[in-house]
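Structure at a glance
Listed below, chain by chain, are the residues.
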Amino acid sequence: MSGYLESVLVLLAINIILAYAAFLPMVAGQLNLGVAAFVAIGAYSAGYLSNSFGLHPVPAALMAVAIAALTGWLVAFPILRTRGIYLALATFALNQVVQGTILNLNVVGGASGYPVPAHIGFPVVAAFSLAVIVLVFLAFRTRFGISVTAVSDDERVADLMGLSVRGVQSAAFTAGAALAGLAGALYAHHFNYIEAQNYGVLFSIYIVLYVLLGGTQTVYGPLLGAAVFTLLPELLRGSAAWRYVIFACLIIAIMSLRPQGVILKRAWFSK
Amino acid sequence: MVLEIRSLSKSFGGLKVIDALSIGVERGERLALIGPNGAGKTTVFNLITGVYPVDAGKILLEGNDITALPSRYRIRRGLARTFQNIRLMAHLTVIENVMIAQYPRAPGAAAMLQPVGFGRANRWRAEARAALAEAGLEAYADEPAGALPYGIQKRVELVRALAAAPRVLLLDEPAAGLNAAETEALHQALEAIARRGVTLVVVEHDMQFVGRLCSRVVVLNFGCKIAECAPRDIHADGKVREAYLGAEEHAA
């Protein structure tokens, strides 16, 4: 496999994980604009664990997932007290706090970036990505999968039906944080260099954009969104400088034609 | 008594919406709660199910004080309801809406992670499908609930409430917006539910419907009980006529 093709596939695998990281809270009704914060936490934790403790990158990545999940669970308490646009702004602020903190942490290189020499190859990244797809598909076949949508559709009724609304919301937020952490850890160990500047709010917005574009009504939507976002700019390479302009125009076109995302539940097609 | 409220009061702002209201419901009874718009009927349901905390008074379900019990635990005690404005989860399919209400029968974290989505083999899914089939709604099982016509949604909401296996069922205007045939079908369905031993408390404006279904009527006005009688005696009650029609003018 050519180096170029492999790096595109690695990005695709990581972007799929990122898409589900944004999708899980979004299905529960949370517009999380702080996904990149958890990506950064995952990337820097994994890098620090393998650099400073000589941990093998895979267990380092798994521990980074746990750290991102724990952080997500803890910040979910204050963040889930907010709703709608306020929740989006709270996660936006979280992103700024995490990014700003890392930029000032000299132990992980601060603003000059952080090299992470221990390498995770393409097959392992792909295996993690496949595992995430399978897990998310399975999760949406459980009562939890139904409950997440129920909670975002009607909190009051979900509560009266006996569901712990806060529990389901917090689980979705935490699971999203864990996946973001995984994506960060894999990125750090595959590309062997991370920079906090990359994990800003703009990055979070891109991830949310894939998911909205693919559609949030089914588990297939984020998969499609991640694929389009990864592959389309590559296919447009021929037009060099204009490719991102064309890409952005295509996004606007898709959004205006299908505001609910490209992939919808069956019966919504007839509407 | 299966359900009892004792001198319940509730104010919103300075307005007293429910004022020292007491109602007892016997097991297996079919009680109607009627009154003019704004009398506080839906508020009574909201207090019983815990949507709002009470200001004063007690709510007892099968002898247990549930006044302070968090709303989500009440359905586990056998108390289910429907809503005046249908409130199905629009983005879930019909069968998923029904399955949501099964959760209180087997709650917990392990139940949350139980797979319930694979085909017809799953016990919970099969049960929900059977309940929909019994109500003649199987054809809609896999449709998103939000896309269905009003009458169908209304029937689904009843199937959903029953999926929690309630002993007491609160129905908020079940016949509103239904045509004659649909109202008749609803009547038959509720008769069947009552025969299974489920206690029914019904808020309803259709007095003909109430007269056929219910054995007792409690009339509310401005949050107070103004009458309590058999449905057929309701027209004879002066206070009730006054509440609905205003004070009678005496001929000069």
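If you're wondering where the values come from, they're calculated on a predicted model, not measured in any experiment.

**Considerations on the overall build of chain B**
In terms of regular secondary structure, chain B is built from 9 helices and 10 strands. Computed over C-alpha atoms, the radius of gyration of chain B comes to 19 Å, within 12% of the 18 Å expected from 2.2 N^0.38 for 252 residues, which places it in the range of a compact globule. By its C-alpha atoms, chain B is 75 × 40 × 35 Å across when sized along the principal axes. Looking at chain B residue by residue over its 252 residues, the buried ones come to 43%. For chain B, restricting intrachain contacts to residue pairs at least 6 apart in sequence, the fraction spanning at least 24 positions comes to 68%.

**Things to note about the interface of chain A and chain B**
Between chain A and chain B, the contact holds 25 residues from the first and 30 residues from the second. When contributions to the side of chain A that touches chain B are tallied by element, the ones reaching two or more residues are helix H6 (143-153) and helix H7 (155-160) of chain A. Counting residues per element, the side of chain A that touches chain B draws most heavily on H6(A), at 8 residues. Of the residues contributing to the side of chain A that touches chain B, the split by class is 10 nonpolar, 7 polar and 8 charged.

**Describing the packing of helix H5 (residues 123-134) of chain B against helix H6 (residues 150-163) of chain B**
All names here are of chain B. For the pair H5 and H6, interaxial distance at closest approach is 10 Å and the crossing angle is 135°. As the angle between them shows, H5 and H6 are arranged oblique. Judged by the twist between their axes, the crossing of H5 over H6 is right-handed. Counted together, Ala 128, Ala 131 and Leu 132 of H5 and Val 159, Leu 162 and Ala 163 of H6 form the full contact between these two elements.

**Notes on the pairing of strand S1 (residues 3-12) of chain B**
Residue and element names in this part refer to chain B. The sheet contact formed by S1 and strand S2 (residues 15-25) spans 7 bridges and is antiparallel. Each bridged residue has a counterpart across the sheet, and for Phe 12 the counterpart in S2 is Leu 15. Adjacent in sequence and paired antiparallel, S1 and S2 are bridged by 2 residues, among which Gly 13 carries a positive phi angle near 60°. Note that S1 and strand S4 (residues 56-61) share 5 bridges and pair antiparallel. Residue Glu 4 lies in a different strand from S4, and its bridge partner there is Leu 60.

**Digging into the sheet that holds strand S3 (residues 30-34) of chain B**
All names here are of chain B. Taken together, 6 strands build an open sheet; the order of strands is S6-S7-S8-S3-S9-S10 and the sheet is mixed. Of all the strands in the sheet, just strand S6 (79-81) and strand S10 (224-229) have a single pairing partner and so form its edges. Across this sheet, the average inter-strand angle for adjacent strands is 20°, counted without regard to direction. Strands in contact with helix H1 (residues 41-48) are S3, S6, strand S7 (168-172), strand S8 (199-203) and strand S9 (216-221); relative to S7, the strand with the most contacts, it is inclined by about 145°.

**Describing unusual backbone geometry**
All names here are of chain B. Even without glycine at this site, Ser 7 takes up a positive phi of about 35°. On the secondary structure map, Ser 7 appears in strand S1. Residue Ser 7 is classed as partly exposed on the basis of its C-beta count, with 13 C-beta atoms lying within 10 Å. Phi is positive for Ala 165, which is not a glycine, with a value near 55°. Relative to the helices and strands, Ala 165 is located in the loop between H6 and S7.

**Some words on the nonpolar core**
All names here are of chain A. Grouped together as the largest cluster of nonpolar side chains are 167 residues, with contacts concentrated most on Leu 18, Ala 21, Ala 40, Leu 179 and Ala 183. Sorting elements by how many residues they give to this core places helix H8 (residues 165-191) first, with 16 residues. The contact partners of Ala 183, leaving out residues within four places of it in the chain, are Ile 14, Ile 17, Leu 18, Ala 21, Val 39 and Gly 42.

**Section: H6(A)**
The buried fraction of H6(A) amounts to 11 of the 11 residues, a majority that puts the element mostly inside the structure. Residues of H6(A) that are buried include every one of Arg143(A), Phe144(A), Gly145(A), Ile146(A), Ser147(A), Val148(A), Thr149(A), Ala150(A), Val151(A), Ser152(A) and Asp153(A), and no others. Buried-residue contacts for H6(A) involve helix H1 (3-27), helix H5 (122-139), H7 and H8 of chain A together with helix H3 (94-100) and helix H4 (109-112) of chain B.

**A look at the packing of H6(A) against H8(A)**
Residues and elements named next belong to chain A. Here H6 crosses H8 at 110°, and the two axes come no closer than 10 Å. On the basis of the axis angle, H6 is roughly perpendicular to H8. Read as a crossing pair, H6 and H8 show a hand that is left-handed. Contact with H6, carried on its side by Ser 147, Val 148 and Val 151, involves Val 165, Val 168, Gln 169 and Ala 172 of H8 and no other residues of that element.

**Describing the confidence of the model for chain B**
Residue and element names in this part refer to chain B. When pLDDT is averaged across chain B, the result is 91; 96% of the residues are at 70 or more. Ranking the elements of chain B by mean pLDDT puts helix H9 (residues 238-245) last with 80 and S8 first with 97. Model confidence for the complex: the whole-complex pTM is 0.91, and ipTM, which rates the interface, is 0.92.

Quick notes on the rules
Counting restarts for each chain: residues are numbered from 1 in the order of the written sequence. For this description, chains carry letters from A and ligands carry numbers from 1, given in the order in which they are written. Residues qualify for local features only when their pLDDT is at least 70, as the model is predicted, and side-chain atom pairs are given and counted only at 80 or more; totals for whole chains, interfaces and linings, by contrast, use all residues. Working definition: helices are DSSP H or I runs of at least four residues, strands are E runs of at least two. Numbering for both runs from the N terminus. As a reference, a globule follows 2.2 Å times the number of residues to the power 0.38, and the radius of gyration itself is taken over C-alpha atoms. Comment: burial labels come from other C-beta atoms within 10 Å of the residue's own C-beta, placed from the backbone, where a count of 20 or more is buried, 12 or fewer is exposed, and between is partly exposed. Any pair of residues counts as being in contact when their C-beta atoms, constructed from backbone geometry, are within 7 Å of one another. Any residue outside Ala, Val, Leu, Ile, Met, Phe, Trp, Tyr, Cys, Pro, Asp, Glu, Lys and Arg is labelled polar, Gly included; the first ten of those are nonpolar and the last four are charged. With axes taken as lines fitted to C-alpha atoms, and helix axes fitted only over the stretch in contact, angles between N-to-C directions fall between 0 and 180 degrees. Roughly parallel covers angles under 35 degrees, roughly antiparallel covers those over 145, roughly perpendicular covers 65 to 115, and oblique covers all other angles. Here a crossing is taken to be left-handed if its near helix is turned anticlockwise relative to the far helix by less than a right angle, and right-handed if that turn runs clockwise. Two strands make a pair as long as DSSP finds a minimum of two bridges between them. Nonpolar cores are built from buried Ala, Val, Leu, Ile, Met, Phe, Trp, Tyr and Cys residues. These are joined into a set through C-beta atoms within 7 Å. Confidence of the prediction at every residue is given by pLDDT, a number between 0 and 100.

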